Structure formats: structure tokens, C-alpha cells
2 protein chains.
Amino acid sequence: MKRLVLLGATGSVGRRALELVDQFPGEFRVEGLAARGSKPELVADLCLKHRPRVLALTDPDAVDAVVRLLPRPHPEILRGAAGLVTLAGEVDAEVVLSAIVGGAGLLPTMAAIRSGKKTVALANKETLVMAGSLMTAAARTAGVPLLPVDSEHSAVFQCLVGHNRDEVHRILLTASGGPFRRMTKADLRHVTVEQALNHPTWKMGAKITVDSATLMNKGLEVIEARWLFDVEPERVQVVVHPQSIVHSMVEYVDGSVIAQLGVADMGIPILYAFTYPSRLPAAAERLDLTRVGALTFEEPDAERFPCLTLARGALQAGGVAPVVLNAANEVAVAAFLGGRIRFVEIAELIERALAHVPARGLADIETCVHVDAETRRAVTGWLPADFSSASQATGRNAT
Amino acid sequence: MKRLVLLGATGSVGRRALELVDQFPGEFRVEGLAARGSKPELVADLCLKHRPRVLALTDPDAVDAVVRLLPRPHPEILRGAAGLVTLAGEVDAEVVLSAIVGGAGLLPTMAAIRSGKKTVALANKETLVMAGSLMTAAARTAGVPLLPVDSEHSAVFQCLVGHNRDEVHRILLTASGGPFRRMTKADLRHVTVEQALNHPTWKMGAKITVDSATLMNKGLEVIEARWLFDVEPERVQVVVHPQSIVHSMVEYVDGSVIAQLGVADMGIPILYAFTYPSRLPAAAERLDLTRVGALTFEEPDAERFPCLTLARGALQAGGVAPVVLNAANEVAVAAFLGGRIRFVEIAELIERALAHVPARGLADIETCVHVDAETRRAVTGWLPADFSSASQATGRNAT
């Protein structure tokens, strides 16, 4: 029985993970759950079903509402960002699933790594984008494997298993191309939030769905892959594959390409991260290629989707640039979702932030937290008046 | 420096293998070559270039013509089927490449296995079809890995590396569908040899090209996969994929599918079998999926292509049935290539042979050789008069 701690239990990855726990009785035991607390009934339901020993609620204002609904005896309650770090680092478990969206996942994920957990399953790409060099160094020091939960990186990981890392010619991340793949640059100026949230192949949370529409999601994934698989940035390439069946590929030096395919179900990569190096027989829908129709591939269009280029530039620049990229993107996406800016302004704000925040090295997590906060303040200041909800910094998020 | 013995040096796989030896100076040394001898100039050229210590010529009548052309001092010459077995079993080498077409490869391949070579690289699928249980048992006893060179089985092998064999849900062999994929049953009665030899995606020898057109090639590969990967026959499935880019796939119990892709170049699987578990950087053309266009998949049509069903039936029946299937197919394909029978009669002759030759167990290689000869005699007897060139039995081939 593997003991799990789930950070981000009420998000789309967290809920899918808990469905898997239900689906395989006797395989997993939920030791700890973390959620913001904004959906008290859902949190109470999850506690009733999974009986975690510890519950972390990052929004302190939500604690009373949740506790009122909890079954007795209720789990130990931890509060705020500090509670989240305590849960990730101190609750005994074989796997910590890091599935909090955005930079807020950074400190708890680092705590899980430093505590020497058997496995840290990473669904939060932003943390690697912000602090990839520090996180991977910490993971090496602690001897903790970072197992990817992102479908693309899980695919790459599965295509690397058993093969020699030094014989990788390139990693090919597939991108659906998002809902605006065929849209002209002029039309992109007028897309609505509703259109951006209508992803053609994956059902995901709002932030990552918008990132898919801008292709920033793929840009973040290039950075994530660079760190997760320790490859030079130029060896990580992107190919648009609208059907989202081939989840990614690895090309080896001899010209052989290994790919991982499957239906678009986050259950597969989540379960693999939980059970690696084994697999459990999933009841999920199976891939039938004869019913899928054609699989197609095309080059991404850097001109219409500048976020991919911005991400590559930040990776190339190194130091704090990816932190700036990520923080600016989070604020900009929240502003777009809130109706404050237009879709194309997301990339414009990120570009402005990268030019504005001074370049420097990334010596430690504190620098990371500081630059994250600095960028959020700057970008928030550039937004139309009275917008503030995305301005919270990583280190002070939900405290 | 890996020392190689190449059986079938003048065939399409053998010549591609020797091109690779040229391409990687210092990596391989050719210790022994075997050929029929029907192309004396080619054999002499290969000896001049690769300086093998030993040369086996299976056609004794060809020896004089070849020896006259050989550079001095010429290699030790072995003659006939016995010489081939001596070369395979007694010449010291790390890898024996078994690339002789058809049942004639059986005894030398068994000799290579029993001699305890480091690796036997199998390009000859017919030997596994005939004697899969005996060969895999001998390989286990001798501790010799059988590495597939067939592009599909090399793909499967690459998709299994690093994953757990007992978690395989099914193996998906891809088939191009051959040149007659879209042809009606009525039109199949009138296809010519020239049409059958016009394979849409692969350049290969005549026998395997006709097998691709009848889909018998895929039937033989199902049997080959059953033995090579030790899986139940019903777990080996076939999907038609006309572009020949995905060379095969393995679906695991969790729904994850691992595929191997590449350009249609036998150099990739040959080289992998030579260098496994490493890879060498090939100068070959690389796969560019954005230029390939769409990858499509469809079910094979068992009604128009009965050979696939015949092969599955023979595998199911077990014992000598696959030997009968293979021998009847070899005689029938030779008869078709010789203009003696029509394309659709290939399947009819095989079906008749399977009904005619008595079922029995396959206790040893001698039974295999005997049933092979018996089937060839029977099927040859059913051909239009004065046809004889395909009637040679495995054990007496080219002696």
C-alpha cells in the first residue's frame, strides 16, 4: 500500500488522482491532502471518503467553513502556505503529488524533495520553470526521483526508460495547437475567454487551458523538459499534433524514434507516476487507432504564438528570466480570465516584464521568491485599474 | 570491434548490413560471409572489401566461378548446406546475422544458437515460424539472445526495453497493407508479378515483397512475435498503417502505448541488433513527421487477404502446422514469381497443404526438416507441369 500526500487535491489533477485511489482499493492510502479551501463541501467530501490524517488549507479564511463540514474525528488541520510546506515535508508518505497550479507550488515541492520522499510526482510545471536548476540539484542531493505527471513529460519519461540518455538526439514535445491553431493573427485580437477555455482535446483547469491556447504551455514544457531530462534546450523541440494521441517522442542518435500514445486521460500519467516502475491495469478507455482517424503533425507558428519564442528566450537567458516569464504569465492569464486584458496582451505583458525586470543569476529559492513577487507587482501595475487578485507572490500566497 | 558472421550476405539485408560495416569503420569486423554464390562478382567484391576469414557458398556449382575472382590469399571456403552450418556454428564471432531467406536458414541459425554466440540477429522470420518453440528453447538453454532484425519486431523489442513483460496488454504489428490494399477481391485474381513486386513503402527482396502483398508476411510476423516475445497469440494483433512510419507498438495494461517510428530503412533495425544495448549515430535520413503528412490506421481485411487468417490458424493448431504453412507459401510464392500460378492461388495452395499434411507435434528439428520437405513435394506436385525450382527441401537445400 503506497501512502500518498496530494497537494492540490481539489484541482483537476488532484481529483483525477483521487479517482484512481478509489479505482484501486488496497493500492494507495491518502495520508495527507492540501487544498485552497474555496470549495468547502468538496474538501469535506474528500476527507469523508479518504480519511487523510492531515489536511492543509492554504486559505486561512476557509478553515472554519471546512471544519464545520468535516466528519469527526477530523484530520489534523494545517493552515496557510506554512502549513502546506509542513504537509509536503513532514507527513510520512512514499509519494507526494505536487499538483498545485503555478508558483504557489514551489516551496511545498522543494520541502517534499528535501525531506527525501521516495518519489515526488510533479504535475506543477511552473515550479520547474521557476527553479529547475535548484530543484533538480536538490533532488539529486536528496536522491529523490522527480517523476513527471504532465502527459508530455510522462510520455518522454516512458520513451527514455531502458534506453541510454546520452544517445538522445532530440525530445519532441507534441502540442495540440490549442483552440486557435487555425486563427489569423488579426482574429486572435478578438478571442473571448470562453473560446480560450474550449480546449479541443483535453479537459483541464482554466490556467493551463489558456496557456495551451497561447502555446505558453508548450513553452513552459520546453523549460520543464530541459530540467527534468537534463538536455540542452536546443534538443527539446515542439511539433503540433492536433489529435493529442501521441503525447511526445524521443528521437535517438540512430534515427529511431520512440513515442508514447494513448487517449487524452490524465489518469495514465498520474497512475504511472504513482506505480513506476510497475503499471496497474486501468479500466480507462483504450486507444483504438483504427477509430481515431489520421494523426497529423505540423510546425508551430512562432509569429502567431509568440509565447513559445518568449519561453525559449527566457530559457536561453537563464538566471531569473524564467521566473519573470512565469510570474508575468500567471498575472496576465488571470487578468485575461478576469476580463481585464485581451488574449494577445498576455504575450505583450510577458515581453514587457522580461525587458523590465533586471537579469541576474538564480542562486537560491529566496531569489526566486523575490523575483516572482517583484514581477507580479510590476505586471499588476501595468494592468487596467483596480485589478489585484493575481498579485499575490509565491512566498506569501494564501497565508 | 564486434566480429560479425553474415549469413545471406548478397541479399537485401546482408548488403545493407555490409554498408553499415563500411559506414562505421573500427566498429565491426566481418569474420565470415555466406552466400548462395549465384552472383560471383558481387561475392568477390564483398570479399575484396571486407576480407572475411571464411566464406561459405551454398551452391557448390558456384564455387569455381567465385574462387577465380577472389583476391589472394582467398578466405577459407566452405561448401553447401553443411558449410553454412559450420560457418554459423564454428567461426568465432560476437554476432551472427541470420539473413538467409526462407527455411534454408533454419539449420545454420540453430547452429549459431547452439554454439552460444553472444547474439544471434534474426532477419529470417521463416525459421522462427517453422521452429519457434525449438529455437527459443535452444536460445534459453544456450543463454543466447535472439535479437530481431525485422523492422516490426525490432520496433516491438525497442518498445519493450525497460518495461515489464508481464504488463504487456497487446503487441500491435503494423502492416503497410501492400500494393493491393485497395483492390477488390475480383481484381486480385488478375494481378501481375510486376504489380506484386511494386511495394509502396519498402525496397526488399522478391519473396518478402510478395508476402507483403498477400499479407502472409504479417501472418508470419504474428507467429514470429509469439515466439520472440513469448506472448499468447491473441495478444499479437495487426493494424494496417499504409505509411510504414510507425513500425510497431506495444500497449501496456494501463492503456499506455509505446511505439517505434522511423523512416523505412532496414539500416536502423540491423544496426540496433548489432549494437544493442547501445546505438550508433546513423547518417541515415531522419524522420520529419511534419513532412510525412498524416499517419493512418485501419483494420486488415481478412476476406480479401486470407493468408493472415491461415497463419493465425496454423499458429493456433500448433505442432507442424506452421512448418506446412511456411513451406507451402515458399513453393507457392516461387511458383507465382515464375509465372506458374495466379496471385490468389498462393493462399489456395497453402490452405490445401494445411488440410493435406497430417497434424503432429514438433518434437525436434528433424521433424521440422521432414515436414518441410514433405510439404514442398506435395505442393510442387499440385503445380502446373514442369515446375520444380522451388521444390528443394530445407535440409537438402543447395547441397
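So, here's what we can say about the structure. Keep in mind the model is a prediction, meaning the values are calculated, not measured.

**A closer look at the overall build of chain A**
(1) Moving on: When its secondary structure is counted, chain A shows 17 helices and 11 strands.
(2) Moving on: For 399 residues, the compact-globule estimate of 2.2 N^0.38 gives 21 Å, and chain A sits close to it at 20 Å.
(3) Moving on: The C-alpha extent of chain A, read off along each of the three principal axes, is 55 × 50 × 40 Å.
(4) Moving on: Sequence separation of at least 24 residues holds for 70% of the intrachain contacts in chain A that already meet a minimum separation of 6.

**Looking at the interface of chain A and chain B**
(1) Moving on: Taken residue by residue, the interface counts 41 residues in chain A and 41 residues in chain B.
(2) Moving on: Across the chain A/chain B interface, buried area totals approximately 3,500 Å², and carbon plus sulfur atoms make up 52% of it.
(3) Moving on: When residues of chain A are sorted by the area they lose upon contact with chain B, Asp254, Arg279 and Arg286 of chain A head the list and together hold 20% of the total.
(4) Moving on: Applying the counting rule to chain A against chain B returns 4 salt bridges.
(5) Moving on: Arg286 of chain B serves as the salt-bridge partner of Glu251 of chain A, at 2.5 Å between the closest nitrogen and oxygen.
(6) Moving on: Linking chain A to chain B there are 30 residue pairs in polar contact (both at pLDDT 80 or more).
(7) Moving on: Looking at the side of chain A that touches chain B, the elements with two or more residues in it are strand S8 (168–175), strand S10 (246–252), strand S11 (257–261), helix H12 (267–275) and helix H13 (289–292) of chain A.
(8) Moving on: Top contributing element to the side of chain A that touches chain B by residue count: S11 of chain A, with 5 residues.
(9) Moving on: Here the residues of the side of chain A that touches chain B are counted per class, giving 20 nonpolar, 13 polar and 8 charged.
(10) Moving on: Here S11 of chain A runs beside strand S11 (residues 257–261) of chain B; their pairing, made up of 5 bridges, is antiparallel.

**Remarks on the sheet that holds S10 of chain A**
(1) Moving on: Judged by pairing direction, the sheet is mixed, and its 8 strands sit side by side in the order S9(A)-S8(A)-S10(A)-S11(A)-S11(B)-S10(B)-S8(B)-S9(B) without closing on themselves. Every other strand in the sheet has two partners, leaving strand S9 (236–240) of chain A together with strand S9 (236–240) of chain B as the edge strands with one partner each. Between one strand and the next, the sheet's axes are offset by a mean angle of 25°, whatever the strand orientation.
(2) Moving on: Pairing analysis gives 5 bridges linking S8 of chain A to S10 of chain A, with the strands arranged antiparallel. Within S10 of chain A, the residue paired with Arg170 of chain A across the bridge is Glu251 of chain A.
(3) Moving on: The strands touched by helix H7 (residues 151–160) of chain A within the sheet are S8, S10 and S11 of chain A together with S11 of chain B, with S10 of chain A carrying the most contacts at an inclination of about 40°.

**A word on the relation of the copies chain A and chain B**
Both copies of the chain are related by a screw-like operation: a rotation about an axis and a shift along it.
(1) Moving on: Overlaying chain A with chain B gives an RMSD of 0.0 Å, the required rotation being 180° about an axis along which the chain moves by 0.0 Å. Such a turn and shift between the copies fits a two-fold axis. Ranked by how close their C-alpha atoms come to the rotation axis, the residues of chain A are headed by Gly162 of chain A, at 1.9 Å.
(2) Moving on: In this assembly the copies share their binding face: 100% of the residues contributing to the interface of chain A also contribute to that of chain B.

**So, the environment of Val357 of chain B**
Residue and element names in this part refer to chain B.
(1) Moving on: Along the chain, the position of Val357 falls in the loop between helix H16 (343–356) and helix H17 (365–382).
(2) Moving on: Between the C-alpha atoms of Val357 and Leu7, which are 350 residues apart in sequence, the distance is 30 Å.
(3) Moving on: Residue contacts for Val357: discarding those within four places in its chain leaves Val324, Val371, Glu374 and Thr375.

**Quick look at helix H1 (residues 12–23) of chain A**
(1) Moving on: Here H1 of chain A contains 12 residues, and its C-alpha end-to-end distance of 17 Å stays within 8% of the 16 Å for a straight helix at 1.5 Å per residue.
(2) Moving on: Buried within H1 of chain A we find Val13, Gly14, Arg16, Ala17, Leu18, Leu20 and Val21 of chain A.

**Details of the packing of aromatic side chains**
Residues and elements named next belong to chain A.
(1) Moving on: Enumeration according to the criterion identifies 12 aromatic pairs over all chains in this entry.
(2) Moving on: Both rings, one in Phe180 and one in Phe343, keep their centres 5.1 Å apart while their planes meet at 85°; by these two values the pair is edge-to-face. With Phe180 in the loop between S8 and helix H8 (185–188) and Phe343 in helix H16 (residues 343–356), the pair connects residues that are 163 residues apart, well separated along the chain.
(3) Moving on: In textbook terms, an aromatic cluster arises when at least three aromatic residues are bridged by ring pairs, as seen for Phe157, Tyr272 and Tyr276.
(4) Moving on: In this arrangement the basic side chain of Arg226 is found over the ring face of Trp227, its NZ or CZ atom lying 4.0 Å from the centre.

**Comments concerning the sheet that holds strand S3 (residues 54–57) of chain B**
All names here are of chain B.
(1) Moving on: Pairing is parallel across the open sheet formed by 7 strands, whose spatial order is S4-S3-S2-S1-S5-S6-S7. The open sheet terminates on both sides in strands that have one partner only, identified here as strand S4 (76–79) and strand S7 (146–148). This sheet shows a mean twist of 20° between the axes of neighbouring strands, independent of strand direction.
(2) Moving on: In terms of strand pairing, strand S1 (residues 2–7) meets strand S5 (residues 95–98) through 4 bridges, oriented parallel. By the bridge assignment, Val5 is partnered in S5 with Val96.
(3) Moving on: Packing against the sheet, helix H2 (residues 40–50) makes contact with strand S2 (28–35) and S3, and its axis sits at approximately 160° to S2.
(4) Moving on: Sitting on the sheet, helix H5 (residues 106–114) is in contact with S1, S5, strand S6 (119–122) and S7, with an inclination near 155° to S6.

Parameters and conventions
- Residues numbered from 1 in each chain as written.
- Chains lettered and ligands numbered in written order.
- Predicted model: local features only at pLDDT ≥ 70, side-chain atom pairs only at ≥ 80, totals over all residues.
- Heavy atoms only, no water.
- Helix = DSSP H or I, 4+ residues; strand = E, 2+ residues; numbered from the N terminus.
- Rg over C-alpha atoms; globule rule 2.2 N^0.38 Å.
- Contact = heavy atoms within 4.5 Å.
- Buried area = accessible area lost by both parts, 1.4 Å probe.
- Salt bridge = Lys/Arg side-chain N within 4 Å of Asp/Glu carboxyl O.
- Polar contact = N/O pair within 3.5 Å; in protein donor to acceptor, adjacent residues only side chain to side chain.
- Nonpolar A, V, L, I, M, F, W, Y, C, P; charged D, E, K, R; others polar.
- Pairing = 2+ DSSP bridges.
- Axes fitted to C-alpha atoms, helices over the stretch in contact; angles between N-to-C directions.
- Least-squares fit on C-alpha atoms with pLDDT ≥ 70 in both.
- Expected span 1.5 Å × (residues − 1).
- Buried < 20%, exposed > 50% of the residue type's maximum accessible area, 1.4 Å probe, protein only.
- Phe/Tyr/Trp six-rings, centres within 6.5 Å; stacked < 30°, edge-to-face > 60°.
- Lys NZ or Arg CZ within 6 Å of the ring centre and 35° of its normal.

That is the geometry; function is a separate question.
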